[in-house]
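Secondary and tertiary structure notes
The chain contents come next:
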Amino acid sequence: MDIIFNAFVQAEAGKGAIEGTGLGLTISRNLARLMGGNITVSSIVGQGTTFQFTLPVLLATRVDMQPEQINRLVIGLLPAQPQYRILVVDDQLENRLLLVKLLTDLGLDVREATNGQEAIALWQVWQPHLILMDMRMPVLDGYQATKWIREQEKAANDRNQPSKIIALTAHVSDSDRDLALVSGCDDYISKPFQEETLFDQMAKYLGISYLYAECEPPSTNSDLSVNNVLTSESLSVMPAAWIAQLQQAASLCNEEKVWLVIEQIPPEHEFLAAELRQLSENFEFHRIVQLAQVVVNS
């Protein structure tokens with residue numbers, strides 16, 4: 001009772017099982033505490049054990065509920081839009097190349113700079129609609145470059161729309177965000193980020209409209225759709241040596257090894273292969289071990 005929540009601790013019954021490492025209760029209690037709750041245990045010898053958890057939650061109202069956002073694959077820009085100019089500023093070559101390729105593939109006009117000083121020079125002659133500004137760079141950082149650009153825009157009192165500037169940084173503290181906004185950035189994206197996040201920001205500040213890939217309808221093949229029909233008998237079509245390999249790979253929770261074993265399944269048993277892949281993708285290795293164990297013991 002005193003040590004059951006410690007890492008790698010198991011009761012005698014757990015030590016005799018094939019699966020399990022003694023981390024489940026430790027992880028569960030840490031997750032509960034991260035959410036402001038806790039997990040406790042009480043036990044009476046010969047009668048049973050009760051685990052209880054508490055979480056501070058509130059009843060949601062209809063206003064609180066947000067519709068699920070479905071991320072659609074952006075494959076281009078809708079026609080009849082302005083030729084948007086995008087400036088990518090980052091001292092890391094890999095980061096620049098990734099953004100430049102991502103944006104040019106959409107048909108945008110993109111240029112790049114390695115520091116704030118180069119960004120200012122390009123801004124003066126090219127007037128980009130949007131600047132994706134890394135904030136921590138040598139020579140001149142993004143904070144200083146952004147501040148200088150805003151001062152020049154204010155002094156010129158130009159009728160042209162000022163460049164939109166979105167800060168990109170691996171630092172995610174509130175102070176970093178506040179400093180970027182105070183410097184003149186319109187918004188802030190933390191690295192690493194999803195493509196959808198960047199595209200949403202560009203649509204918000206430039207009004208860009210995208211062309212999306214068509215969503216494929218869900219598969220109607222009922223033989224591959226439900227893994228709860230998978231039984232130990234389904235594994236019996238394979239030889240005993242193969243089942244032992246599968247059990248060993250799954251007991252290690254090694255997805256790569258499990259898939260290598262699955263690849264040995266002949267095409268006529270694709271149902272079995274598909275169901276095992278789904279279990280592996282969902283990290284249900286314990287389920288695979290249980291199914292294999294039943295066959296081994298039979």
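Structure report, in brief. (Residues numbered from 1 in each chain as written. Predicted model: local features only at pLDDT ≥ 70, side-chain atom pairs only at ≥ 80, totals over all residues. Heavy atoms only, no water.)

**A few points about the overall build of the protein**
The test is simple: Here a strand is any run of E in DSSP of at least two residues, a helix any run of H or I of at least four, and the numbering for each starts at the N terminus. The contact criterion used is simple: two residues touch if any of their non-hydrogen atoms lie within 4.5 Å. Each accessible area is a Shrake-Rupley result for a 1.4 Å probe, and residues are judged covered by the shown protein chains and nothing else.
When helices and strands are tallied, the protein shows twelve helices and nine strands. Long-range pairs, those at least 24 residues apart, make up 58% of the contacts in the protein between residues at least 6 apart in sequence. Accessible area for the protein stands at about 18,900 Å²; split by element, carbon and sulfur atoms hold 54% of it.

**A short note on the pattern of salt bridges**
Test applied: The working definition used for a salt bridge is a side-chain nitrogen of Lys or Arg within 4 Å of a carboxyl oxygen of Asp or Glu. Using a 1.4 Å probe on the protein chains alone, a residue whose accessible area is under 20% of its type maximum counts as buried, one over 50% counts as exposed, and one in between counts as partly exposed.
Applying the stated criterion to the full structure yields eight salt bridges. The closest approach of N and O atoms between glutamate 112 and arginine 96, which form a salt bridge, is 2.9 Å. Of this pair, glutamate 112 sits in strand β5 (residues 109-113) while arginine 96 is found in helix α3 (residues 93-104), placing the two residues 16 residues apart along the sequence. Take arginine 96: its relative accessible area is 9%, and that puts it in the buried class. Through salt bridges with shared partners, a single ionic network connects Asp90, Asp134 and Lys191.

**So, the pairing of strand β6 (residues 130-134)**
Definition in use: Pairing between two strands requires that DSSP report at least two bridges joining them.
Of all five residues making up β6, five are buried, and the element is well covered by its neighbours. Burial along β6 is two-sided: Leu130, Leu132 and Asp134 facing one way and Ile131 and Met133 facing the other are all buried. Bridge analysis of strand β4 (residues 85-89) against β6 gives four bridges, and the strand direction is parallel. The residue bridging valine 89 from the neighbouring strand is methionine 133, located in β6. The pairing of β6 with strand β7 (residues 164-169) spans five bridges and is classified as parallel. Counterpart to isoleucine 131 in the pairing with β7 is isoleucine 165.

**Looking at helix α5 (residues 142-156)**
Which entries qualify depends on this criterion: Multiplying 1.5 Å by the residue count of a helix minus one yields the expected span of that helix. Whenever a nitrogen or oxygen atom comes within 3.5 Å of another N or O atom, the pair is scored as a polar contact, on the condition that within protein one atom can donate a hydrogen and the other can accept it, and that pairs from neighbouring residues in sequence are kept only if both atoms are in side chains.
Taking 1.5 Å of rise per residue, 15 residues should cover 21 Å, and α5 covers 21 Å from first to last C-alpha, within 8% of that figure. The N-cap of α5, judged by a side-chain oxygen 3.1 Å from the amide nitrogen of tyrosine 143 a few residues on, is aspartate 141. Looking one or two places after α5, you find asparagine 157, whose phi comes out positive at around 50 degrees.

**Some words on the nonpolar core**
The condition that has to hold: The nonpolar core is taken to be a set of buried Ala, Val, Leu, Ile, Met, Phe, Trp, Tyr and Cys residues, with the residues joined through side-chain atoms within 4.5 Å.
Ranked by internal contacts, the top residues of the largest apolar core, which has 23 residues, are Ile86, Leu103, Leu108, Leu132, Leu198 and Met202. Within the residue set of this core, elements represented by two or more residues are β4, α3, β6, β7 and α7 (195-206). It is α7 that provides the largest number of residues to this core, a total of five residues. Residues contacting leucine 108, with those up to four places away along its chain left out, are Leu77, Gln83, Tyr84, Ile86, Leu103, Met202 and Ile208.

**Here's the deal with the packing of helix α4 (residues 116-126) against α5**
Note the cut-off: Comment: axis = line fitted to C-alpha atoms, over the contacting stretch for helices; angle = value between 0 and 180 degrees taken between N-to-C directions. Geometric relationships in this document are graded by angle, where less than 35 degrees denotes roughly parallel, more than 145 denotes roughly antiparallel, 65 to 115 denotes roughly perpendicular, and other angles denote oblique. Each helix crossing is assigned a hand: it is left-handed if the near helix lies turned anticlockwise from the far helix by less than a right angle, otherwise right-handed if that turn is clockwise.
Relative to each other, α4 and α5 sit at 25 degrees, their axes nearing to 9 Å. Relative to α5, the element α4 lies roughly parallel. Handedness of the crossing formed by α4 with α5: right-handed. Of α5, the residues touching α4 (which contributes Gly116, Ile120, Trp123 and Gln124) are Ala145, Trp148, Ile149, Gln152 and Glu153.

**Some thoughts on the sheet that holds β7**
With respect to topology, five strands assemble into an open sheet ordered β5-β4-β6-β7-β8, the strand pairing being parallel. Either end of the sheet is taken by a strand with one partner, and the two such strands are β5 and β8 (187-190). Each strand axis lies, on average, 20 degrees off the axis of its neighbour in the sheet, ignoring direction. The strands touched by α4 within the sheet are β4, β5 and β6, with β5 carrying the most contacts at an inclination of about 145 degrees.

**Notes on the side chain of threonine 26**
Within the element layout of this structure, threonine 26 appears in helix α2 (residues 24-34). Overall, threonine 26 belongs to the buried group, its relative accessible area being 13%. Within the structure, threonine 26 has its side chain in polar contact with the backbone oxygen of phenylalanine 5 (distance 2.8 Å). Aside from chain neighbours lying at most four places away, what touches threonine 26 is Phe5, Asn6 and Ala7.

**Structural notes on the packing of helix α11 (residues 270-281) against helix α12 (residues 285-297)**
The following threshold applies: The classification used treats Ala, Val, Leu, Ile, Met, Phe, Trp, Tyr, Cys and Pro as nonpolar, Asp, Glu, Lys and Arg as charged, and all other residues, Gly among them, as polar.
Their axes nearest at 7 Å, the elements α11 and α12 cross at an angle of 135 degrees. By the angle between their directions, the pair α11 and α12 is classed as oblique. Seen from α11, the contacting residues are Leu276, Leu279 and Ser280; seen from α12, they are Phe285, Arg287, Ile288 and Leu291. In terms of residue class, the contact of α11 with α12 is made up of five nonpolar, one polar and one charged.

**Looking at the side chain of threonine 169**
On the secondary structure map, threonine 169 appears in strand β7. The class of threonine 169 is buried, set by a relative accessible area of 1%. When sequence neighbours within four positions are dropped, the list of residues in contact with threonine 169 reads Asp134, Met135, Arg136, Tyr188, Ile189, Ser190 and Lys191.

Structural measurements only, silent on function.
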